[in-house]
Amino acid sequence: MHLRSSIATFNFKKLKDIKSSLSNQIDNEVKKWKEILTILFDTVRTLCASGLPLRGHRENIGIPGNHGIYLNIIDLISRHNSTLISHLNSNSKIKYLSKTITNEVLETLALETKSLIIKQCKKAKFFTLLADSTTDVAHLEQMAILLRYVQIDPECEQSIVIKESFIGFYSMNKGDAESICNFMIKTIFEDIGLNKSFMVGQGFDGANVMSGKHGGLQAKLNEFLASKTMECALKKLKLMRSEKYYTDLIIRAKENWELDNEFPETRIRRVKSMAGEVARDIGHSAREKHRLGYFQACDNMINELEIRTTNFTSLHKLFDFLQPSKLKDITNDELDIHTRNLISKYKCFSTDLKLDIRTFIDCYFVDGVQCHENNEHSVYTYLKFITDLKLEDSIKEMQLLCRIFLTLPISTASAERSMSSLKKIKDYRRSTLSEDRLNDYAMLYIERDTAELIDLQSTIKIFSEKKARKGYKSELL
């Protein structure tokens, strides 16, 4: 009897109890779904980053036809993955390949990417608002919003990175400055949760509704900072607008291109006279037309640059002393004037600013030679010098000054590039794309580098908690 009991006990332990068997079954199921969802999430992220459409005409891999790139890639991976092929060939109806699930995967990835961008911006503290608008293929007014900030990470190979990150496309129902301003305030400060006291600049296009001096969005937000490089371009354009420069330009073009005749003769087109008009139009030759067009283009560019230069005069006065040639030999009286102006402009500075700048000058320049290994002097190298030597706590005010300067907008080129991405994503074949899916797709396409940084396992866990199915415990993931 005792021998039989011992044998029965051994067999029971070997087979294990029902709880252990069920636990092993659940663990195997969790492992299987983790592997499957990792493949699905990674495929969606890769295809969106490449700007490729996901869906095709057929929604089922088993039915012949155009399945689209997404399902074709999944089918290709399944040929080399036993877990995925057994999942696709199983009788279960839960495949996670429908358009609804794919859109949910796309949304989860985009939200995690956007959250990472906002987290980086909040960590950077200071930011600049960039915006531009255009009309898409469906004739809807779309406004692209981006944030410019300085990311500092001493542990990375490139410790300081100036980033201009995409936030989203927003369809504007009204195009007046007041409506846009209210929308910006709600989106940036209420929805995203950024602190308005840390916004140090704004960058918009030249339209009056955006950059108008009195009634535009610039006036509504009461601050618009731009780049000093326009001054040089303006001076050069004024020199170009002269008869002598135009004549020299024609001569040089004729020599470089080896032209026998400057302008080919064409038929002179005269303007039709009105009834009772006595004066007659003598018309213009090809050379005269080119000359008029040249001076008209110069006048337009000079006028636009003159408008823009008035917007950064105050910026130039505030930060001009940071130029290496001036900062190195700045006097105490000049430094006192500049620090007082900065303290009155930005509330984040204290009276220690002057002392920190003077301490930085003594550290950065030693007998006229830069302490740092890089021979190029700029505000970027100032901040890199402070970061590499871990002087943030010693000269905190100087570090804040460098971060604010690098955060100021140079141009709206990043916003313009997002407009090009919009035309690629929402073309005539996808003109009915919803705004939510457009933003999700654009986020993964424009911010593809940031999307690669998100952790897929944590993203899958968020997806499973939000979209838990019957018979599936999301907390196991």
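Calculation notes
Residues numbered from 1 in each chain as written. Predicted model: local features only at pLDDT ≥ 70, side-chain atom pairs only at ≥ 80, totals over all residues. Heavy atoms only, no water. Helix = DSSP H or I, 4+ residues; strand = E, 2+ residues; numbered from the N terminus. Contact = heavy atoms within 4.5 Å. Areas by Shrake-Rupley, 256 points an atom, 1.4 Å probe, with all protein chains shown as cover. Axes fitted to C-alpha atoms, helices over the stretch in contact; angles between N-to-C directions. Parallel < 35°, antiparallel > 145°, perpendicular 65-115°, else oblique. Left-handed = near helix turned anticlockwise from the far one by under 90°. Core = buried A, V, L, I, M, F, W, Y, C linked by side-chain atoms within 4.5 Å. Buried < 20%, exposed > 50% of the residue type's maximum accessible area, 1.4 Å probe, protein only. Pairing = 2+ DSSP bridges. Salt bridge = Lys/Arg side-chain N within 4 Å of Asp/Glu carboxyl O. Arc of directions from axis to C-beta. Nonpolar A, V, L, I, M, F, W, Y, C, P; charged D, E, K, R; others polar. Phe/Tyr/Trp six-rings, centres within 6.5 Å; stacked < 30°, edge-to-face > 60°. Lys NZ or Arg CZ within 6 Å of the ring centre and 35° of its normal.

S.K.: Mind showing me how you'd approach the overall build of the protein chain here?
M.R.: When helices and strands are counted, the protein chain shows 21 helices and six strands. Taking all contacts inside the protein chain whose residues are at least 6 apart in sequence as the whole, residues at least 24 apart take part in 65%. Here the protein chain has roughly 28000 Å² of accessible surface; of this, 53% comes from carbon and sulfur atoms.

S.K.: How do you make sense of the packing of helix 14 (residues 332–345) against helix 15 (residues 353–364) when you look at a structure like this?
M.R.: When two helices pack together, their arrangement is given by the angle between the helix axes and by the axis-to-axis distance. The contact between helix 14 and helix 15 brings their axes to 9 Å, and the two run at 130°. Judged on the interaxial angle alone, helix 15 and helix 14 are oblique. Pair helix 14 / helix 15 crosses with right-handed handedness. Side by side, helix 14 and helix 15 meet where N332, L335, D336, T339, L342 and I343 of the first sit next to L353, K354, I357 and R358 of the second.

S.K.: Could you clarify how one ought to interpret the nonpolar core in this entry?
M.R.: Side chains of a nonpolar character, in soluble globular proteins, are inclined to be buried together. Counting residues in each nonpolar core, the largest one holds 64 residues, and the members touching the most others are Y70 and L147. Discounting chain neighbours no more than four positions away, the residues touching L147 are C121, F127, T128, L129, K163, E164, S165, I167, I188 and L194. With 35 residues, the next largest nonpolar core counts F319, L327, F360 and L406 among its residues.

S.K.: How do you make sense of the sheet that holds strand 3 (residues 160–171) when you look at a structure like this?
M.R.: Where strands meet in a sheet, backbone hydrogen bonds hold them as pairs that are either parallel or antiparallel. With mixed pairing, the four strands of this open sheet are ordered in space as 3-2-1-4. Of all strands in the sheet, those with a lone pairing partner are strand 3 and strand 4 (199–203), marking the two edges. In this sheet, neighbouring strand axes are inclined to one another by 20° on average, regardless of whether the strands run parallel or antiparallel. Two strands pair when backbone bridges link them, and strand 1 (residues 127–135) and strand 4 are joined in this way by four bridges, in the parallel orientation. Counted as the bridge partner of T128 is G201 from strand 4. The sheet strands contacting helix 5 (residues 99–124) are strand 1, strand 2 (141–152) and strand 3, and the helix crosses strand 2 at an angle near 50°. Its contacts with the sheet place helix 17 (residues 396–407) against strand 1, strand 2, strand 3 and strand 4, and it is angled at close to 155° to strand 2.

S.K.: What should I look at first to understand the side chain of Q142 in this one?
M.R.: Of note, Q142 is situated in strand 2. By relative accessible area, Q142 is classed as buried at 2%. When near neighbours in sequence (up to four residues on either side) are disregarded, Q142 contacts D132, S133, T134, D136, F169, Y170, S171, L422, K426 and L438.

S.K.: How should I be thinking about the pattern of salt bridges in this particular structure?
M.R.: Pairs may arise between side chains of opposite charge once their charged atoms sit close together. Tallying each qualifying case throughout the model produces 12 salt bridges. For E29, the salt bridge is made with K32, and the minimal N-O distance between the two is 3.5 Å. Placement of both E29 and K32 in helix 2 (residues 18–49) is noted, with a separation of three residues, approximately one turn of the helix. Given a relative accessible area of 26%, K32 falls into the partly exposed group. Residue R148 is joined to E164 by a salt bridge in which the shortest nitrogen-to-oxygen separation is 2.7 Å.

S.K.: Hey, could you run me through the side chain of T113 in this one?
M.R.: Within the secondary structure layout, T113 lies in helix 5. For T113, the contacting residues outside a window of four places in its chain are M443, L444, E447, T450, A451 and I454.

S.K.: Help me out: how do you make sense of the environment of D352 in this one?
M.R.: For D352, the location among the structural elements is in the loop between helix 14 and helix 15. Looking at D352, the relative accessible area reads 43%, which means it is partly exposed. For D352 and T339, which are 13 residues apart along the polypeptide, the C-alpha to C-alpha distance reads 9.4 Å.

S.K.: Explain helix 21 (residues 456–466) here, please?
M.R.: Residues spaced three or four apart along an α-helix point in a common direction, a consequence of the helix completing one turn every 3.6 residues. Restricting attention to buried positions, one finds in helix 21 the residues L456, T459, I460, F463 and S464. Each buried residue of helix 21 sits inside an arc of 135° when the element is viewed along its axis, so together they form one side.

S.K.: Looking at this structure, how should I read the packing of helix 5 against helix 21?
M.R.: Look at helix 5 against helix 21: their axes get within 10 Å of each other, and the N-to-C directions meet at 125°. With respect to each other, helix 5 and helix 21 are oriented oblique. Here helix 5 and helix 21 pass one another in a crossing that is right-handed. On the side of helix 5, the interface is formed by I101, E104, V105, T108, L109, L111 and E112, while helix 21 contributes L456, T459, I462, F463 and K466. In terms of residue class, the contact of helix 5 with helix 21 is made up of seven nonpolar, two polar and three charged.

S.K.: Quick question: what am I supposed to make of the packing of aromatic side chains here?
M.R.: For any pair of aromatic rings, the description consists of the separation of the ring centres together with the inter-plane angle of the planes. All told, the structure shown has 14 aromatic pairs when counted by the stated rule. Ring geometry for Y346 versus F349: centroids 6.2 Å apart, planes at 85°, classification edge-to-face. Of the residues examined, F349 reaches a relative accessible area of 6% and is grouped as buried. Pairwise contacts between aromatic rings join W33, F41, Y96 and F463 into one cluster. R430 extends its terminal NZ or CZ atom over the ring of Y441, reaching a point 5.2 Å from the ring centre. Taking NZ or CZ as reference, R448 lies 4.6 Å from the ring centre of Y445, over its face.

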